[in-house]
Structure formats: C-alpha cells, structure tokens
Amino acid sequence: MMRTHYCGSLTEAQIDQTVTLCGWVHRRRDHGGVIFLDMRDRDGLVQVVIDPDTPEAFATADKARSEFVLKITGRVRRRYEGTENANITSGQIEVLGKDIEVLAASETPPFPLNDENTNISEEVRLKYRFLDIRRPEMLDRLRFRSKLTNLIRNYFEDNGFLDVETPILTRATPEGARDYLVPSRVSNGSFYALPQSPQLFKQLLMVGGIDRYYQIAKCFRDEDLRADRQPEFTQIDVETSFMSDDDIMDLMERLTVKMFKELLNVEFDKFPRMTYADAMRDYASDKPDMRIPLKLVDVADMMQDVEFKVFAGPAKDPKGRIVALRVPGAGALPRSQIDEYTKFVGIYGA
C-alpha cells in the first residue's frame, strides 16, 4: 500500500507506530530550524515535524510549499504538553517525519486554502473548482451528502423499496417547465429530452408490479433561475402501491426524523399534520413555514362598503374571500422598511 493511514484518522492509538501518509501541504512553518508541515487529506489534518538530523527529508521539506503533494513516512509520537490541538482528531499527536517524497509540486494557489477567508469571489472559486473542493469546508459538505444518500438508500432498502434507475434520454413530457433537448446523431432532426422528473417511469414501474420504488434522481428544467429553482437538481422520487396516505406520510416522516437524528443530532417529536383546506385557509400555501406564527385573517365583512372595487367586489361575492396578514407591531413600521419588504416578496412573484 502507498499509505498506511489517512492524516485525519491518526490518534493516540498509533503512538510509536511507523506510518506512511499521502496528502497536501495545508500549512508550512519554519521554527528556528525545525520545519512543521500540516498535512491534509480528505479525513483532516495532522502535524508533521522534520528535524535537521534527517538532512534529506529536511531539504525536501524546506522546498515544500502550500499544496505540494507529499508522501511522508515517520513515527507517531505524543505532542509536548501545551502544544496539543483540541480542535482536530490528531491534535494529541504528531508525526516525526523521516522520509519525504514529493509526488507533485504546486504553483502558488490563486487563493489560500488554509484559512476561512470568506472574501473569495464565487467566480474565482468556480473557475478553480478543483482547488475549492480541497478546502475542509467543501470536503465536509461532500462527506455529509455521501452520508445522507447512504442513509436514504439503507432506509428504503430496509422498508422493502427497490432502487430503479430510469432513463435520462427520453421523450418530452408536458410539464410545467421547458425541457432541455439533446440532438440525436442517429435520427437527423430528432431530439431527446432530459427528464424534468421521472413521474412517467414511476407510474410504469407501478403498473409493472414493482410495488415499491425509489430513486435519487437527477432532474433538468430549462427555466430561469428563481429563489427555489435551478436548471439541474436532485430529488428523492418515491412511488408505492397498496399504501394509504397515512402510510406514506409515516414513511417519509420516519425518514426525516432519522436523517436529522443521525446526521445532525437533532430530535423531532411527531410532525403536526393539517388538511390541504386548512393549510390554504390559514397560510395560502400547501407548504407553509411553521416557524412563522402568522395566519391569514378573513376581513371581507370590513370591505363590503369600501369604494375600492378590487376589495368590495369579492367581499360581496359569497364565493369570494378577502384576507389580511396580521403582523403584530407592523403599524409602527417606517415606509422605507415596508418598501424593502415589497422588494423582497417580489423575488417570489408577489
């Protein structure tokens, strides 16, 4: 094996062991003739110390800079008292480097990867995405997503669902957004459509007797960006036969509870449920944000005799409805703040 351990996995259990690490130089420090390298890989950081009494290794470490890729062999030892780092898994130990090989030298990166600099423009980060992914923050996000998808797959497998992949190149379906089109090389003038979501295939699977199906599916929608919409996204698709509404809600509730408990250590009680009619009456949305304790209040009886017909007409119509959102203390809001709210809700089409 080229390496024996990941940098971030070393602990006091490996003290006095000889280990071989491969990774990137996260940070280099020269303290009076002793060189310290913080080595980084996908699991985290470990401190490597190189003394002058290993001249070849010292000379190599002296030339190493940020983002050099190194292979280091050395002995794990306990850090001196007072130099421990409680913020990382390997913070109680360090590696005394004895042999260093440069696997790849690096030019100076376009932005630092060894600090929490939040002033880096997104344009620069996307241009150098391969470097941005190296940042611990980005690695943590990818690791979290991997754990999430693994949990989802295991959950549905335990509940009798089959994971069935559905085609990406298909025919257009009449849905809410425009399809992305892919020209066919074989059939001149014909096009495939990328799926907005695989409802059609879910239904075919149910007719085919699959009974319980799920998929972590890619969806493509050729539409303008909105606050909650992007051209390409991933969703969990589920289709079942012979299950009631309550069965399906219980299934998804248990999944949500499990995800938050195991990945974020956040526990939920039983989710509140409401009918569609109640949701639309109180919130005018079938997905209300329950963190906001504001409900719509019927005010038709106050609007029947006003001169503004946009209000008076529906107020007098037995099938009409006029509501207000009562916001406690809003009467004292300055006009400038109201204008800001007006601009904000415009994002959502209001």
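First things first, this report covers the structure right here in the doc. What you see is a predicted model, and the numbers here were worked out from it, not measured in a lab.

Some thoughts on the packing of aromatic side chains
- Applying the stated rule across the entire model yields eight aromatic pairs.
- Judged by centre distance (4.9 Å) and plane angle (65 degrees), the rings of phenylalanine 260 and phenylalanine 268 are edge-to-face.
- Judged by relative accessible area, phenylalanine 260 falls into the partly exposed class, the value being 30%.
- Residue class for phenylalanine 268 comes out partly exposed when judged on its relative accessible area of 36%.

Thoughts on the sheet that holds strand E4 (residues 69–78)
- Pairing is mixed in the closed barrel, where five strands are placed in the order E1-E2-E3-E5-E4. The sheet shows a mean angle of 55 degrees between the axes of neighbouring strands, taken without regard to direction.
- In the sheet, strand E3 (residues 44–50) pairs with strand E5 (residues 93–104) via two bridges, with the strands oriented parallel. Each residue of the ladder has a partner; that of valine 48, found in E5, is valine 95.
- The strands that helix H1 (residues 55–63) touches are strand E1 (18–31), strand E2 (34–41), E3 and E5; relative to E5, the one it contacts most, it runs at about 70 degrees.

Observations regarding the pairing of E2
- Of all eight residues in E2, seven are buried, a share of seventy percent or more.
- The sheet contact formed by E1 and E2 spans seven bridges and is antiparallel. Bridging from a neighbouring strand, arginine 29 pairs with phenylalanine 36 of E2.
- Following E1, the chain reverses through two residues before pairing antiparallel with E2; glycine 32 in that reversal takes a positive phi of roughly 60 degrees.
- By the bridge criterion, seven bridges tie E2 to E3 in an arrangement that is antiparallel. Among the inter-strand pairings, arginine 40 is bridged to a residue of E3, identified as leucine 45.

About the criteria used
Residues numbered from 1 in each chain as written. Predicted model: local features only at pLDDT ≥ 70, side-chain atom pairs only at ≥ 80, totals over all residues. Heavy atoms only, no water. Phe/Tyr/Trp six-rings, centres within 6.5 Å; stacked < 30°, edge-to-face > 60°. Buried < 20%, exposed > 50% of the residue type's maximum accessible area, 1.4 Å probe, protein only. Pairing = 2+ DSSP bridges. Helix = DSSP H or I, 4+ residues; strand = E, 2+ residues; numbered from the N terminus. Axes fitted to C-alpha atoms, helices over the stretch in contact; angles between N-to-C directions. Contact = heavy atoms within 4.5 Å.

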